[in-house]
Amino acid sequence: MKYKWLRSAMLTLVAGTALTACSTGETEKNSAEEDKVSIVTSFYPMYEFASQVAGDRADITMMVGGGDDPHHYEPSAKDVATVNEADLFVYSSPEMEFWTESLFETVENDDLKIVSAAEGVDQSAHSEEDHDHTEGESAGEVKIASAAEHYHSGDMAELTAKVEGNTTLDHWHWYTRSDESADWEAVPNEFGSELSYLVLDENFEVKAELYGEDHEVLTESEPVTITVDNHEDEGEEAHDHESEEAHDHESEEAHDHESEEAHDHESEEAHDHESEEAHDQEGEATETGEDVVVAGLAGHYHTGDAVTIMAETEAEVSEWQWSTRKSDETEWSVISDQTTEQFTGEAVSGGLEIQGVGLDAEGNEVVNTGTIEIIVDDHENEDPHSWLDPVLVQEQVDAIRDALIEIDPEGEEVYTANAADFNERLQGLDQEFQEAFEGAENRVFVVQHQAFGYIAERYDLEQIAVGGLSTEVEPSPSRIAEIGTLVEEYEVPVIYYQQGSDSSIAQTIASETGTETAVLHDLESLSEELQSENLGYIEAMEQNIEALKLSIK
């Protein structure tokens, strides 16, 4: 019995020790996983670049799989939940993944760092001449000028960024936030030193950043507060926009818009709503119908963008009636739940037309905005494939490196070393491209879709595309015939199609012209063959070199 008890006690001790060891090991494993940076990437190139830089310090996921189109992808609820828990989101550009804007509006993650790796990438900015021209360029303190003491809802804030010590650089980015506790949000399509921004009902802050030729931030302004004051608490003598007694346009005692002593909207010191300078079509106020000015109309929108415009008039209007239609060939549809001077809606593919009618108390028309055109441009004709240029990719790698260092300073040494190693490989890839096509007499290649412009531009080649940038638009029979003529003219031996796409168009032209077909990787996804061999971006691009050698000789 004594030995049996001792054996039992020893077994219990051993088991307890084992459980403790397992528990400790599991805890350390879980702790290590929790310590890793969480990165969500949009599609394959961003996944590859982030993986190369982050190494083992991050858990990295990719939203858009091989069977999906990264340009027209629609994030799922699971995607949104994943981004809500992430530390970093990496995507290429708004021109490529234009769905990201609506994703960011949905995500509720105040700590999320967002990197548009290709934002502002300009191939021409990477020539030696450009670098020499800006070598030693410096910038001093940025100041935002022209901010008024206060604004009213519907005003356009006209701001100008100025910086000392800068003579050639003029690449700006503008940002807004509700207050100092909120994250800065980029103002889309505003890259100059001047900003026009629609003021709504709440105060907000604005800042400007000046970028260099390598898309590095040279300097930025201090935040400027845009104060909204509609004078709603100042009584009859004030500028009460909701009171007929205070806002009597025919009374000298009220807020006379034509009086220099009152809030004169025709004065430079006040916000001139009828000035050409303040009412340019690009996001500013625009004269439409007689005696009506429309503020907030952007030069163009993307599908799904919010459209917010404001009708401004001195006429006595009791209620507004807004209508929309797809084109002048369709009927107007009244928006019954919008009866104020402000219209809000959503930009739809193909564009939209809007009309606002101001009514008096009896329901009679007083003023009309006329037809307001909402232009929708989803950048289908802009080549977003900047990741196919190994020189520009180095800049994207650096952008990801800098973001990782910002959110994980302890990993700076690792991120810096990994980025340098991958950029060295990219420099070698660039050298391979140069050597492969150096001295070639025939520099023309024919592709099924226009996805390889960055390669053509970088290495002085000529891309002839059967179709456009969109893979959804099929070329016409006349276009296919035209390509056949070009194939004979340039003695093109190969018609290329994108890896993973339908090759039927390339096959048709090849059979009619007696040429062959070959694959080029656009790398919107990675082929199963490369994945199975544990190969990636560099190897796919090297395969592109070998394929292009069939035409470039």
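Residues numbered from 1 in each chain as written. Predicted model: local features only at pLDDT ≥ 70, side-chain atom pairs only at ≥ 80, totals over all residues. Heavy atoms only, no water.

Peer 1: Give a detailed account of the overall build of the protein, specifying residues and quantitative values.
Peer 2: Counting secondary structure elements, the protein contains 12 helices and 25 strands. Counting across all 553 residues of the protein, residues that qualify as buried make up 45%. When contacts within the protein are restricted to residue pairs at least 6 apart in sequence, those whose partners lie at least 24 apart make up 59%. Working note: accessible area of the protein is about 29,300 Å², and carbon and sulfur atoms make up 43% of it. (Helix = DSSP H or I, 4+ residues; strand = E, 2+ residues; numbered from the N terminus. Buried < 20%, exposed > 50% of the residue type's maximum accessible area, 1.4 Å probe, protein only. Contact = heavy atoms within 4.5 Å. Areas by Shrake-Rupley, 256 points an atom, 1.4 Å probe, with all protein chains shown as cover.)

Peer 1: Give a detailed account of the pattern of salt bridges, specifying residues and quantitative values.
Peer 2: Overall, the coordinates contain 11 salt bridges when judged by the stated rule. Notably, a salt bridge pairs Arg401 with Asp398, separated by 3.3 Å at the nearest N-O pair. Residue Arg401 and its partner Asp398 are located together in helix α6 (residues 390–407), separated by three residues, close to a single helical turn. By relative accessible area, Arg401 is classed as partly exposed at 21%. The class for Asp398 is partly exposed, based on a relative accessible area of 24%. Taken together, the shared-partner salt bridges connect Lys207, Glu209 and Glu220 into one network. (Salt bridge = Lys/Arg side-chain N within 4 Å of Asp/Glu carboxyl O.)

Peer 1: Go over the sheet that holds strand β5 (residues 142–145), please, and point to the residues and values.
Peer 2: Taken in spatial order, the three strands make up an open sheet running β5-β6-β9, and their pairing is antiparallel. The open sheet terminates on both sides in strands that have one partner only, identified here as β5 and β9 (194–198). The sheet shows a mean angle of 25 degrees between the axes of neighbouring strands, direction not considered. Relative to strand β6 (residues 156–163), β5 is paired through four bridges, and the arrangement is antiparallel. Its bridge partner lying in β6, Ala145 is registered against Thr160. (Pairing = 2+ DSSP bridges. Axes fitted to C-alpha atoms, helices over the stretch in contact; angles between N-to-C directions.)

Peer 1: Can you lay out helix α12 (residues 537–548) for me, pointing to particular residues and giving the numbers?
Peer 2: Taking 1.5 Å as the rise per residue, α12 with 12 residues should run 16 Å; its terminal C-alpha atoms sit 17 Å apart, in good agreement. Among the residues of α12, Tyr537, Ile538, Ala540, Met541, Asn544, Ile545, Ala547 and Leu548 are the ones counted as buried. (Expected span 1.5 Å × (residues − 1).)

Peer 1: Break down the confidence of the model for the protein for me, citing the residues and quoting the values.
Peer 2: Mean pLDDT over the protein: 79, with 73% of residues reaching 70 or higher. Below a pLDDT of 50 lies the segment residues 235–289, which in the model reaches 115 contacts outside its immediate sequence neighbourhood of four places, other chains included. (pLDDT = per-residue confidence, 0-100.)

Peer 1: Provide a residue-level description of the packing of aromatic side chains, including the pertinent values.
Peer 2: For the structure shown, the criterion picks out 13 aromatic pairs. For the pair Tyr73 and Trp99, a centre-to-centre distance of 5.4 Å together with 65 degrees between the ring planes defines the contact as edge-to-face. Note that Tyr73 is positioned in the loop between β2 (58–62) and α3 (77–84) and Trp99 in the loop between β3 (88–91) and α4 (100–106), a separation of 26 residues in sequence. By the burial criterion, Tyr73 is buried, and Trp99 matches it. Each ring, one from Phe89 and one from Phe104, has its centre 5.7 Å from the other, and the planes form 85 degrees; the classification is edge-to-face. Placement of the pair is Phe89 in strand β3 and Phe104 in helix α4, with a sequence separation of 15 residues. Residue Phe89 is classed as buried on the basis of its relative accessible area, which comes to 0%. (Phe/Tyr/Trp six-rings, centres within 6.5 Å; stacked < 30°, edge-to-face > 60°.)

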